[in-house]
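Take a look at the letters that make up each chain.
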Amino acid sequence: MWHTIYIVYCRMMKIFSIPGTRYPALFFMAVVMLFMMVGKNVVYGANRYSVTTGNWNSVNTWAATSGGTPGVSFPVAGDVVYIESGDVITVTANAGCTSVTFTGTGATLTVNATFSLTVSGSVTLNSNAGASYSNSIAGAGTLGCASVALGTNVTPTSDRTTTLTTSIANMNISGNLALYSNDNGNSQNNAIFSFSTGTITVAGSLTSVNEDAAQTVCTFNMATGSQNGQLVLNGATPFSLGAGTNTITLAGTATHVHYNHAGNQSVYPVAYRHLT
């Protein structure tokens, strides 16, 4: 930073210097103070990795690196969060971050009643080339995010799945809910979204990518668990599904799908239990 200040000083002196006066010194001091004030207000996001089961707002839950030593500050708005295998992370106060990535399997993100977790970017579930991953989002609170990405680009070495099970009271997605299924010849890793209970609102589209239209399958299933979820579709194009097999099951025993765009919407041609 000081090197930058010096360069600015030297260049500006050629413009503003008045020989025989002290104005150059005063100008330099002003530049220094400006950089100090700007630098003081710059906030740099941190990486936070869960290292154990615990509360979101506990320093003992988080490390600065995967498998690192706990004790760093807990995630706040602007931070990048990674939830590792087997950890159950519970939000017990309003919280925020830039993104949440489930890096392994067997993890749960729970948001307690009356509280909200606000994710300015994506909630992502990573896929694995040689293992099936299954994670959950639960609780009586609210999760808000820009998008949900279920499945990432890998090269499967055997038939596997990447599964997200949701039972959180409210999930508000301001963009897309995206499913991604991978193919590698005779091996596939298929994305499965299991929606048990609660309300999911999608402002964008439910999208899918099947790398092999003949072999991979993307699944969105409301006929699982409690089977009483409510799906609210606010986007002009509620479903934007790629080629291949897309298994969309919306008719659970007490499910409700609400097409809620102000203009025209195309209703997906599948069975419904309750449709508005």
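Residues numbered from 1 in each chain as written. Predicted model: local features only at pLDDT ≥ 70, side-chain atom pairs only at ≥ 80, totals over all residues. Heavy atoms only, no water.

S.K.: How would you sum up the overall build of the chain? Please name residues and give values.
M.R.: If you tally the helices and strands in the chain, you get 2 helices and 23 strands. Taking all 276 residues of the chain together, the buried fraction comes to 41%. Look at the contacts in the chain between residues 6 or more apart in sequence, and 67% of them connect residues 24 or more apart. Here the chain has roughly 12800 Å² of accessible surface; of this, 55% comes from carbon and sulfur atoms. (Helix = DSSP H or I, 4+ residues; strand = E, 2+ residues; numbered from the N terminus. Buried < 20%, exposed > 50% of the residue type's maximum accessible area, 1.4 Å probe, protein only. Contact = heavy atoms within 4.5 Å. Areas by Shrake-Rupley, 256 points an atom, 1.4 Å probe, with all protein chains shown as cover.)

S.K.: Help me get a handle on a nonpolar patch on the surface, residues and values and all.
M.R.: The grouping of Val59, Phe74 and Val76 at the surface amounts to a nonpolar patch, some 210 Å² of accessible area in total. Among the secondary structure elements, Phe74 is positioned in the loop between strand S3 (62-63) and strand S4 (80-83). For Phe74, a relative accessible area of 31% translates into the label partly exposed. (Patch = residues over 30% accessible without salt bridge, like charges linked within 9 Å, V, L, I, M, F, W, Y side chains within 5 Å. Salt bridge = Lys/Arg side-chain N within 4 Å of Asp/Glu carboxyl O.)

S.K.: I'd love a proper account of the side chain of Asn246, names of residues and values included.
M.R.: With respect to the element layout, Asn246 can be found in strand S21 (residues 245-249). A polar atom in the side chain of Asn246 sits 3.2 Å from the side chain of Asn210. Engagement of the side chain of Asn246 in a polar contact is seen with the backbone oxygen of Gly242, the distance being 2.9 Å. (Polar contact = N/O pair within 3.5 Å; in protein donor to acceptor, adjacent residues only side chain to side chain.)

S.K.: Describe the environment of Gly139, naming the residues involved and giving the relevant values.
M.R.: Take Gly139: it is sitting in the loop between strand S10 (133-138) and strand S11 (142-150). With a relative accessible area of 22%, Gly139 lands in the partly exposed category. Filtering out sequence-adjacent residues up to four positions away, Gly139 remains in contact with Thr110, Val111, Ser167, Ile168 and Ala169.

S.K.: I'd like to hear about the pairing of strand S7 (residues 99-102), residue by residue, with values.
M.R.: Burial of S7 is two-sided: the residues Ser99 and Thr101 facing one way and the residues Val100 and Phe102 facing the other way are all buried. One ladder, built from 3 bridges, connects S7 with strand S9 (residues 116-125); its direction is parallel. In the strand pairing of S9, Thr101 is matched with Thr124. (Pairing = 2+ DSSP bridges.)

S.K.: Tell me what's going on with unusual backbone geometry, and back it up with residues and numbers.
M.R.: Even without glycine at this site, Thr114 takes up a positive phi of about 75°. Turning to its location among the elements, Thr114 is positioned in the loop between strand S8 (108-111) and S9. Its identity is not glycine, yet Gln227 carries a phi of approximately 55°, on the positive side. For Gln227, the location among the structural elements is in the loop between strand S18 (217-221) and strand S19 (230-233).

S.K.: Hey, could you go over the packing of aromatic side chains for me, with residue numbers and the actual values?
M.R.: This structure, assessed with the given rule, holds 6 aromatic pairs. Both rings, one in Tyr49 and one in Tyr82, keep their centres 4.5 Å apart while their planes meet at 10°; by these two values the pair is stacked. On the criterion of sequence distance, the pair formed by Tyr49 in strand S1 (residues 47-50) and Tyr82 in strand S4 is long-range, its members being 33 residues apart. Given a relative accessible area of 16%, Tyr49 falls into the buried group. Judged by centre distance (5.4 Å) and plane angle (70°), the rings of Trp56 and Trp62 are edge-to-face. The pair Trp56 / Trp62 is uniform in exposure class, with both members buried. (Phe/Tyr/Trp six-rings, centres within 6.5 Å; stacked < 30°, edge-to-face > 60°.)

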